[in-house]
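Residue-level structure breakdown
Residue-level listing of the chains:
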Amino acid sequence: MIITIDIGNSNTVIVGYKDNKRVLEARIDTYKKDVIKNYTIKFKEIIKEIPEDIIVSCVVPMIKAQFIETIELLFQKKPIMIDATSIDGLTIKLDNPNDIGADFIATSWGAIQKYQTPVIIADVGSATKLTVVDETGSFLGGAIIPGIGTSMRAFAEYIPHLPEVALEFPKTVIGSGTIDAIQSGALYGLVSQIEGLAMRMEKELGTSCTKIITGGYASIIHGATEAFIYDEFLLNDGLYEIYQKGAFKR
């Protein structure tokens, strides 16, 4: 089994593959304290066999070294850590190509392998990131906006007299009460940001794009987006494709 691991700021997603099929799926918290202890406990619960290999996207630098140590202690193998210096086969057209995060690399690889380019990818997690891969498969860049979870926490902190609300869509965009109005602004507002940025990106490119939505919060909002394909495991599938194509340096 090939294990792919997506370490985000809030969640860690583990997907295992055999014969090009997903055979293991798990989502856990990202541990920033007691890293070795907590990941060891969770991995023993989730991963029941010694993997053939492990490939990782990590966007939390503070835990990277301890996470590698965890994998080495638990499975007696060094994980493949994806970043701008370890990847082969992806043209990165940024001012500084080393700025690209492992998550952008993995989602781009997944999109190139699975969809028609050019592609706009909306990754809705701790931050909401829209990125563009052009028709040649080159990573062009994108836009980053504060994530909905971050925004809602800041909202509650700075206006504490307002009620806490669940992240679910109200029945109408026009809220008839405070809770409905906050939900509408947060969720329909996020959808409008994503769709509006995608429209402007297509205008700059001068062509229409395949549009994909992924990430932890995408499960909540994807049904309200227009023309976006929901792909829950785009990042992990991208890691698996990188591994299958041998497009990395150890």
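These notes cover the structure that comes with them. Small disclaimer: the values here were computed from a predicted structure and weren't measured.

Helices and strands together make up the secondary structure of the chain, namely seven helices and ten strands. For the chain, the C-alpha radius of gyration of 19 Å lies close to 18 Å, the compact-globule estimate for 250 residues. In terms of its C-alpha atoms, the chain occupies a principal-axis envelope of roughly 55 × 45 × 35 Å. Burial status across the chain gives 50% buried among its 250 residues. The contacts of the chain with a sequence gap of at least 6 include a subset with a gap of at least 24, amounting to 56%. Total accessible area on the chain is roughly 12,500 Å²; 50% of this is exposed by carbon and sulfur atoms.

With mixed pairing, the five strands of this open sheet are ordered in space as β8-β7-β6-β9-β10. Strands at the two margins of the open sheet, each flanked by one partner only, are β8 (139-146) and β10 (228-230). Here the average twist between neighbouring strands, direction ignored, is 20 degrees. Sheet analysis places strand β6 (residues 119-124) next to strand β9 (residues 210-214), joined by five bridges and oriented parallel. Residue A122 lies in a different strand from β9, and its bridge partner there is I213. The strands that helix α5 (residues 178-205) touches are β6, β7 (127-133), β8, β9 and β10; relative to β7, the one it contacts most, it runs at about 20 degrees.

Attention shifts here to the pattern of salt bridges. Within the structure shown, the criterion is met by 14 salt bridges. With its nearest N and O atoms 3.1 Å apart, the salt bridge here joins K245 to E241. Here the residue K245 and the residue E241 both occupy positions in helix α7 (residues 234-245), the gap between them amounting to four residues, near one helical turn. Taking relative accessible area as the criterion, K245 reaches 48% and is therefore assigned partly exposed. Bridged by salt links that share partners, the residues R22, K114, D231 and D237 form one connected network.

One can find A247 in the segment after α7. A residue is classified by how much of its surface remains accessible, and A247, at 5% relative accessible area, is buried. The sequence separation of A247 and G89 amounts to 158 residues, and the corresponding C-alpha distance is 6.2 Å. In this view, A247 contacts S86, I87, D88, W109 and I242; residues no more than four positions away in its chain are not counted.

Our next topic: the packing of helix α1 (residues 35-46) against helix α2 (residues 61-75). Interaxial distance between α1 and α2 falls to 9 Å at its minimum, and their mutual angle equals 45 degrees. Relative to α2, the element α1 lies oblique. Once α1 is placed against α2, the crossing between them reads as right-handed. The segment α1 lies against α2, with V35, I36, Y39, T40, F43 and K44 engaging I63, Q66, F67, E69, T70, I71, L73, L74 and F75. Looking at side-chain class alone, the contact of α1 with α2 contains ten nonpolar, three polar and two charged residues.

Criteria and thresholds
- Numbering of residues begins from 1 in every chain and follows the order in which that chain's sequence is written.
- Selection of residues for local features in this predicted model requires a pLDDT of at least 70, selection of side-chain atom pairs for listing and counting requires 80 or more, and totals for whole chains, interfaces and linings are taken over all residues.
- To get the side-chain values, all heavy atoms of the structure are used, and hydrogens and water are removed first.
- Strands here are runs of E lasting at least two residues and helices are runs of H or I lasting at least four, both read from the DSSP assignment and numbered beginning at the N terminus.
- Throughout, radius of gyration means the C-alpha value; the globule benchmark is 2.2 Å times the number of residues raised to the power 0.38.
- The classification of residues rests on relative accessible area computed with a 1.4 Å probe and restricted to protein chains. Under 20% of the type maximum is buried, over 50% is exposed, and intermediate values are partly exposed.
- In this description, contact between two residues means that some pair of their heavy atoms is separated by no more than 4.5 Å.
- Accessibility throughout is a Shrake-Rupley quantity obtained with a 1.4 Å probe, and a residue counts as covered only by protein chains that appear here.
- Only strands joined by at least two bridges in the DSSP assignment are considered to pair.
- Axis definition: a line fit to C-alpha positions, over the contact stretch in the case of helices; interaxial angles, taken between N-to-C directions, run 0 to 180 degrees.
- We count a salt bridge whenever a side-chain nitrogen from Lys or Arg sits within 4 Å of a carboxyl oxygen from Asp or Glu.
- Note on angle classes: values under 35 degrees are labelled roughly parallel, values over 145 roughly antiparallel, values of 65 to 115 roughly perpendicular, and the remainder oblique.
- For any helix crossing, the convention is left-handed if the near helix is rotated counterclockwise from the far helix by under a right angle, and right-handed if that rotation is clockwise.
- Ten residues, namely Ala, Val, Leu, Ile, Met, Phe, Trp, Tyr, Cys and Pro, are considered nonpolar, four, namely Asp, Glu, Lys and Arg, are considered charged, and the remaining ones, Gly among them, are considered polar.

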